[in-house]
Amino acid sequence: MTRTLELKNITVRFGGYVAVQNTGIAVAEGEFVSIVGPTGCGKSTLLNVAAGLLEPTEGEISVFGEPLVGLNSAAGYLFQVDALMPWRTALGNVTAGLEFHNVPREIARQRGTEWLTRVGLSGRGNLYPHELSGGMRKRVALAQTLIMNPKIILMDEPFSALDIQTRVLMENELLNLWTADRKSVLFITHDLDEAISLSDKVIILSAGPGTRPIAEFNIDLPRPRDVYEIRSTPRFIELHMQIWDRLKEEVLKAYERNQYGTGN
Amino acid sequence: MGPATSGSVAAKRRPRPPRKWLPSRSTIAILQITVLVIILLAWYVLGKAKILPEFFFGDPVLVFGQIWDWTASGEIFIHLGITLSETLLGFAIGAILGVIGGIWLGLSPVAGALFDPYVKAINAMPRVILGPIFILWFGLGIISKVALAVSLVYFVVFFNVSQGVREVNPAILANARMLGASKRQLLRAVYIPSALSWVFSSLHTSVGMAFVGAVVGEYLGSAGGIGYLILQAESTFDVNAVFAGMVVLTVFALLLDLAITIIERRLIARRAS
Ligand SMILES: Nc1ncnc2c1ncn2[C@@H]1O[C@H](COP(=O)(O)OP(=O)(O)OP(=O)(O)O)[C@@H](O)[C@H]1O
Ligand SMILES: [Mg+2]
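The text that follows walks through the structure, step by step, so that each part is easy to find. Small disclaimer: the values here were computed from a predicted structure and weren't measured.

### Re helix α1 (residues 43–51) of chain A
Residues and elements named next belong to chain A. Summarising burial for α1: seven of the nine residues are buried, a large majority. Of the positions making up α1, those classed as buried are Lys-43, Thr-45, Leu-46, Leu-47, Val-49, Ala-50 and Ala-51. Positioned one or two residues after α1, Gly-52 has a phi angle of 80 degrees, which is positive.

### What about the environment of Glu58(A)?
Mapping Glu58(A) onto the fold places it in strand β4 (residues 58–63). Note: C-alpha distance between Glu58(A) and Met136(A) (78 residues apart in sequence) is 38 Å.

### Here's the deal with the pattern of salt bridges
Residue and element names in this part refer to chain A. On inspection of all chains with the given rule, the structure shows 19 salt bridges over all chains. For Arg-3, the salt bridge goes to Glu-6, with nearest N and O atoms at 2.9 Å. Close ionic contact of Lys-201 with Glu-31 constitutes a salt bridge, the shortest N to O distance being 3.9 Å. Remark: Glu-31 occurs in the loop between β2 (17–28) and β3 (32–36) and Lys-201 occurs in strand β9 (residues 201–205); sequence separation between them is 170 residues. Note on Lys-201: relative accessible area 10%, which makes it buried.

### What to know about the side chain of Arg225(A)
All names here are of chain A. Mapping Arg-225 onto the fold places it in the loop between β10 (213–218) and α8 (234–260). Looking at Arg-225, its side chain comes within polar contact range of the main-chain oxygen of Ile-196, at 3.4 Å. Reaching out from Arg-225, the side chain makes a polar contact with the backbone oxygen of Pro-222 at a distance of 3.4 Å.

The rules behind the values
- Residues numbered from 1 in each chain as written.
- Chains lettered and ligands numbered in written order.
- Predicted model: local features only at pLDDT ≥ 70, side-chain atom pairs only at ≥ 80, totals over all residues.
- Heavy atoms only, no water.
- Buried < 20%, exposed > 50% of the residue type's maximum accessible area, 1.4 Å probe, protein only.
- Helix = DSSP H or I, 4+ residues; strand = E, 2+ residues; numbered from the N terminus.
- Salt bridge = Lys/Arg side-chain N within 4 Å of Asp/Glu carboxyl O.
- Polar contact = N/O pair within 3.5 Å; in protein donor to acceptor, adjacent residues only side chain to side chain.

Following this line, the structure appears as structure tokens:
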């Protein structure tokens, strides 16, 4: 399998604080990779590096075998925080990327409307972000990113702010969209259930400072999957226990460090 | 503890404050009008009793007579038209320049640092004193008033916009960049719209500033406008006309403010986040 995205020996320092140390992560073509790790360990930092938004202190990024310079134009990025433009309608937000690439207005509108339908928001195109619920805004953001047909999708805890029901719904939608034409996905989450049910591979990061990957698990669950139903299968439970055992140590470490203030 | 005992204990410990008398809206309105009527009556009576010298304080009946004359002859509308166009022109030009300057200084750290002390100095200066210079430069016509209004509006908008540009949500910026926006597109799609939302938020202040600039400019020397009416009345010691001008000015300012509120609701109510 060819490597779509590869981070090699990445180190990121913020002043004297080493957020990420000597980290390597690779995503193969059509692969869905999740990164799990304790809060504040450097997950968003790594994703920013992969997007080309943050230059690492040391290390290299390659995209389709080429070293990355500047922004990663092959990637779409779904941010952890709300990043829709509040002065544009849902449709205006979805078509923003097409507009930046000078796609003719009519075609952009048409494709934008199609994408809104695909994420379950048909007829809502004229609403402004503040008129949408949190879940709807996430869908708009999803459509905004996917309409550009990026070869690599970077997602930073996209569903963490949603309630459980909406979350399962969106996870299934994401899997359906992903199955339709397989992209390479690098997905960050706190939620181990989410990571296992969506991914081909789960990477565990150590607690900060000096975060690095400490374990990697292949998820051999059959596809297509239903993220809700798969959680009660024996193989899922077995994987969950294995991974949780490893993750638990790191979460405890992170907790103790925060507790005693030696984190920084 | 039973509900009865707890209730009585609470009642003993914390005696209920006496209920405040809250009048209804119509009662308030009637009282407000009463206050106005009392003030006008006092003005009239004190004037007639020679306690307030009429030469300095005028006569409310004559003041309203003057307003009536101006309205009936249609003269007032010409002057209002002049003041309004000066205000609107001053606002529009000042706002456009303020947005351009604010975005430029907000985006360029070098320019920001370079001009910072000058911007602060000019802002600290009471800028109505520019009025006489503008009249020397641009004459008694409309241009000197617009210039004064612009100089007042510019800084309100400028500060709001340069602040707004520095505080553009970094996630929105990063998102637009990831979606492929070039520097120019970033300016058009992110910086300018977010700067405009800051202009909207300072709309009342900046239109008010434009109005002050226009009227003060007229008062300093002009051939038309409400400020000119007051200036003219003052030079003939017609105190009633001075008061009449003030009343017209106040009513007009209130109407202007109302109009802005309506425009604001139409334009930004749906986008506000
Ligand atoms: N711009 C910055 N300047 C200084 N320190 C930073 C900066 N960005 C991140 N950090 C630090 O780097 C560490 C990792 O931050 P990051 O946002 O990557 O964590 P995260 O794993 O995404 O956390 P969460 O799961 O809570 O989102 C944190 O300790 C944070 O304080
Ligand atoms: Mg994060």
